[in-house]
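Descriptive analysis of the structure
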Amino acid sequence: MTIKYNKLETVASVATTFFITNATFTTTAQAKTVTKTLELWHVGAVVSYDEVKTFGIGNCFTQHNIDNALFKRIYGKSFKHNCTIKRTELRYLHLLHYTIDGRIKLGEMICHKDVADDLISIFRQLFDAKYPIERMKLIDDYNADDVTSMNHNNTTCFNYRVVAGSKKLSSHSMGKAVDINPLYNPYVKRRADGSYKISPETGRKYANRSRNFKYKIDKDDLAYRLFTKHGFRWGGNYRSLKDYQHFEKY
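What comes next concerns the included structure. (Residues numbered from 1 in each chain as written. Predicted model: local features only at pLDDT ≥ 70, side-chain atom pairs only at ≥ 80, totals over all residues. Heavy atoms only, no water.)

What follows deals with the side chain of Ser-171. Assignment of secondary structure puts Ser-171 in the loop between α5 (146-151) and β5 (177-179). We classify Ser-171 as buried; its relative accessible area is 11%. When neighbours within four sequence positions are excluded, Ser-171 is seen to be in contact with Lys-176, Ala-177, Glu-248 and Tyr-250. (Helix = DSSP H or I, 4+ residues; strand = E, 2+ residues; numbered from the N terminus. Buried < 20%, exposed > 50% of the residue type's maximum accessible area, 1.4 Å probe, protein only. Contact = heavy atoms within 4.5 Å.)

What follows is the structure in structure tokens.
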């Protein structure tokens, strides 16, 4: 017996098969692209929580030695020619962070090996709490210029430099200080004439800590609680000046 198929049914069946196959192919291709993004760690890329879970959240909070490619990227910038910190003392961190609008971004940071575990723990807990961090990339992308990085509200750590206005090396030079959302948490110092030095200058309106605004760090803030729990000092507690973005550990 010969079975006859309705032409419309046959066309519909073929079309359905095509769309299902095409959709499956597209989904698979997208999944491979996301996996590649996470494997190669494309800093600043946006990924979904499901994609992070599939890749493994633990695989998104890791520390690595400074390889040759990365050293080439930082040498002469954050790692100055006269840098006294050994390359082997530093670690490169992969970190995730939420933006204020709820997106998940891939971040990076270089720190001293002595605080690497602390920072991975802190930033993992900040991520779990969906704590907003606008940007987290190496300061080398701003030619290691601290003001430019702060103006972009970039969260960063290692940069071999002196404390502004002095000859003393900053804790950032050792990779043991982190600046969080610096535009909204500026450095504030009263001058002898009563005026105030604000850094970055673009963050002057955020020097008034009686106001409420996004990214503000105070003693009720989760970042403050986590960093101090891990033995870091907060610049907002300094007496002679205030450095609200700054956490450091000796």
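Take the sheet that holds strand β1 (residues 46-47) next. Pairing is antiparallel in the open sheet, where four strands are placed in the order β1-β4-β3-β2. At either end of the open sheet lies a strand with only one pairing partner, and these are β1 and β2 (62-64). Looking at chain direction, β2 and strand β3 (residues 90-98) are connected through three bridges and run antiparallel. Directly across from His-64, in β3, lies its bridge partner Tyr-92. Strand contacts of helix α4 (residues 113-128): β2, β3 and β4 (104-112), with the helix running at about 5° to β3, the strand carrying the most contacts. (Pairing = 2+ DSSP bridges. Axes fitted to C-alpha atoms, helices over the stretch in contact; angles between N-to-C directions.)

The next thing to look at is the pattern of salt bridges. Counting across every chain of the model gives ten salt bridges. Here Lys-137 ties to Asp-141 by a salt bridge, and the two come within 3.9 Å at their closest N and O atoms. (Salt bridge = Lys/Arg side-chain N within 4 Å of Asp/Glu carboxyl O.)

Here the focus is the sheet that holds strand β6 (residues 187-190). The sheet built from three strands is open, its strands ordered β7-β6-β9 with antiparallel pairing. Unpaired on one side and paired on the other, β7 (196-199) and β9 (242-243) mark the two borders of the sheet. Pairing of β6 with β7, which is carried by four bridges, proceeds in the antiparallel orientation. In the strand pairing of β7, Arg-190 is matched with Tyr-196.

Per the counting criterion, the structure on display carries 15 aromatic pairs. Ring centres 6.1 Å apart and planes at 55° place the aromatic pair Trp-234 and Tyr-244 in the tilted group. In this pair, Trp-234 sits in strand β8 (residues 233-234) while Tyr-244 sits in the loop between β9 and β10 (246-248), placing the two residues ten residues apart along the sequence. Assigned by exposure class, Trp-234 and Tyr-244 land together as buried. Among the aromatic residues, those joined into a ring-pair cluster are Phe-123, Tyr-224, Phe-227, Phe-232, Trp-234, Tyr-244 and Phe-247. The aromatic ring of Phe-213 is capped on one face by Lys-216, whose charged end is 5.8 Å from the ring centroid. (Phe/Tyr/Trp six-rings, centres within 6.5 Å; stacked < 30°, edge-to-face > 60°. Lys NZ or Arg CZ within 6 Å of the ring centre and 35° of its normal.)

With that settled, the discussion passes to helix α6 (residues 222-229). Where α6 is concerned, the buried positions are Leu-222, Ala-223, Tyr-224, Leu-226 and Phe-227. Measuring from the backbone nitrogen of Ala-223 back to the side-chain oxygen at the start of α6 gives 3.0 Å, which picks out Asp-221 as the cap. After α6 finishes, the residue Gly-231 shows a positive phi value of roughly 90°. (Polar contact = N/O pair within 3.5 Å; in protein donor to acceptor, adjacent residues only side chain to side chain.)

Moving on to α4. With 16 residues, α4 extends 23 Å between its outermost C-alpha atoms, agreeing within 8% with the 22 Å of an ideal straight helix rising 1.5 Å per residue. What α4 keeps buried is the set Val-115, Ala-116, Asp-118, Leu-119, Ile-120, Ile-122, Phe-123, Leu-126 and Phe-127. Elements that come into contact with the buried residues of α4 comprise α2 (49-55), β2, β3, β4, β5 and α6. Looking one or two residues past α4, Lys-130 carries a phi angle of roughly 60°, positive in sign. (Expected span 1.5 Å × (residues − 1).)

As a further point, take the packing of α4 against α6. Running from N to C, α4 and α6 cross one another at 155°; their axes reach a closest spacing of 10 Å. Relative to α6, the element α4 lies roughly antiparallel. Regarding α4 and α6, the two cross each other, and that crossing is right-handed. Counting all contacts with α4, which are made through Leu-119, Ile-122, Phe-123, Gln-125 and Leu-126, the residues of α6 involved are Leu-222, Ala-223, Leu-226 and Phe-227. Among the residues making up the contact of α4 with α6, the classes are represented as eight nonpolar, one polar and no charged. (Parallel < 35°, antiparallel > 145°, perpendicular 65-115°, else oblique. Left-handed = near helix turned anticlockwise from the far one by under 90°. Nonpolar A, V, L, I, M, F, W, Y, C, P; charged D, E, K, R; others polar.)

What follows is about the pairing of β4. Taking burial as the measure, the nine residues of β4 include nine buried ones, the bulk of the element. One ladder, built from two bridges, connects β1 with β4; its direction is antiparallel. In the sheet register, Val-46 faces β4, and the bridge partner there is Lys-105.

This next bit is on the environment of Tyr-160. Tracing the chain through its elements places Tyr-160 in the loop between α5 and β5. Residue Tyr-160 is classed as buried on the basis of its relative accessible area of 7%. Between the C-alpha atom of Tyr-160 and that of Cys-83, which follows or precedes it by 77 residues, the distance is 6.5 Å. Those residues within four positions of Tyr-160 in sequence are excluded, and the remaining contacts are Ser-78, Lys-80, Asn-82, Cys-83, Thr-84, Ile-85, Leu-169 and Ser-173.

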